[in-house]
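# Structural features, examined
Listed here are the chains, written in short residue letters.
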Amino acid sequence: MQELHDAPLAPLTTFRLGGPATRLVTATTDDEVIAAVRAADDAGTPLLIIGGGSNLVIGDKGFDGTALRIATRGFALDGTALTLAAGENWSDAVARTVEAGLAGVECLAGIPGSAGATPIQNVGAYGQEVSATITEVVAYDRCLGETVTIPNEECGFSYRHSRFKEHPDRFVVLRVRFALEDAGGLSAPLKYPETARALGVEAGDRVPAAVARETVLALRAGKGMVLDPEDHDTWSAGSFFTNPILTEAEYAVFVRRVQDRLGPDVAPPAFPAGDGLLKTSAAWLIDRAGFTKGYGSGPARISTKHTLALTNRGAATTEDLLALAREVRDGVHTAFGVTLVNEPVTVGVSL
């Protein structure tokens, strides 16, 4: 294990923000991960787990404790069964499954971060979520002090949520197992209308998995959602706010607020989200509340490519970012009565 003291954390995040950690440990094996976690827990030291850093907002004061960077490696494909070490680069892993002719995660291409983070957030995009293909998660249970294997049905998956996110101080993900599909090199049925339109097919159709992946990468790049060190629109955590999920009664009130503000013929987006629930678009809300692409005059601004991404233009602090996030959240609530919830995990700060 590599160990550093007073170690900068900003370079380990896609925002490139945040102060140093008192101690930074880099673990390259599961045994090293477990040993570092146990040492911190035995000493009563605060512990911060870092994978790809794509979903973290770290305060400017940094982290007073041990930051554990999980850098384990492992990609094992047995037929259609895939096992990934937590430290594997997710986007690279997706590319390898497509090269193998398998379907199930091809529309999750280009999402930054590590494989171990995917079940925590139930990562999803363009009509796919990892919960549809994950069979089990191997994790170190800090309460039991042992390694456990948790089947899909016990992971508590829902929209951008899971048992692991519900109890962030209990589980440290070590490995994730997936069941993919051999569809003769074709993708899973396309569910997302934007993807189908871009491919000139109908929702529910299949296309070559490689073509689906390339199309998603192009769509993401057009929104600044593929990491590029030279493009400040990608110095972000991707979507900063989750899409609000409303009850039917809440949605009816929301519609009235929309029509009072924007006109009687305006209908906000609505998608089924379970029994009696509807999901609307955070990006639509932000834009209609007046926070358009490129909004802001300081070092933290809304992306010039996508209203849902808050970005570091190169000289921002975490406080600059949070000030912008609060302005957007409060502006949307004032306009439409809907409270946006941040998707990235905050460390030492809050909205």
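The paragraphs below set out a description of the structure included in this document.

Parameters and conventions
Residues numbered from 1 in each chain as written. Predicted model: local features only at pLDDT ≥ 70, side-chain atom pairs only at ≥ 80, totals over all residues. Heavy atoms only, no water. Helix = DSSP H or I, 4+ residues; strand = E, 2+ residues; numbered from the N terminus. Rg over C-alpha atoms; globule rule 2.2 N^0.38 Å. Buried < 20%, exposed > 50% of the residue type's maximum accessible area, 1.4 Å probe, protein only. Pairing = 2+ DSSP bridges. Axes fitted to C-alpha atoms, helices over the stretch in contact; angles between N-to-C directions. Parallel < 35°, antiparallel > 145°, perpendicular 65-115°, else oblique. Contact = heavy atoms within 4.5 Å. Nonpolar A, V, L, I, M, F, W, Y, C, P; charged D, E, K, R; others polar.

Per the secondary structure count, the protein includes nine helices and 20 strands. Relative to a compact globule of 351 residues, whose C-alpha radius of gyration would be 20 Å, the protein shows 20 Å and is just as compact. Based on the C-alpha atoms only, the size of the protein along its principal axes is roughly 60 × 50 × 40 Å. When the 351 residues of the protein are sorted by exposure, 50% land in the buried category.

Turning next to the sheet that holds strand E2 (residues 20-27). Two pairing modes exist for strands in a sheet, parallel and antiparallel, and in both the strands are linked by backbone hydrogen bonds. If you walk across this open sheet you meet the four strands as E1-E2-E5-E3, and the pairing is mixed. The sheet is open, and its two edges are formed by strand E1 (2-8) and strand E3 (47-50), each paired on a single side. Taking each pair of neighbouring strands and ignoring which way they run, the sheet shows an average axis angle of 25 degrees. As defined by bridge partners, E1 adjoins E2 across six bridges and the pair is classed as antiparallel. What sits directly across from Pro8, in E2, is Pro20.

Pairing of strand E11 (residues 134-141) with strand E12 (residues 146-151), which is carried by six bridges, proceeds in the antiparallel orientation. Note that in E12 the partner of Ala139 across the bridge is Val148. Here E11 folds back onto E12, and the loop between the two strands holds four residues, one of which, Gly145, carries a positive phi near 70 degrees.

Below, the discussion takes up the packing of helix H7 (residues 248-262) against helix H9 (residues 318-336). Two packed helices can be described by the angle between their axes and the distance between those axes. Across the interface, H7 lies against H9 with an axial gap of 8 Å and an inter-helix angle of 90 degrees. Between H7 and H9, the angle is such that the two are roughly perpendicular. On the side of H7, the interface is formed by Phe254, Arg257, Val258, Arg261 and Leu262, while H9 contributes His333, Thr334, Ala335 and Phe336. Classifying every residue of the contact of H7 with H9 gives five nonpolar, two polar and two charged.

On the basis of which strands lie adjacent, the open sheet formed by three strands has the order E15-E17-E16 and antiparallel pairing. Edge positions in the open sheet fall to strand E15 (245-247) and strand E16 (271-272), since each of these has one partner strand only. Where E16 meets strand E17 (residues 277-279), two bridges bridge the pair, whose relative direction is antiparallel. Note that in E17 the partner of Phe271 across the bridge is Lys279.

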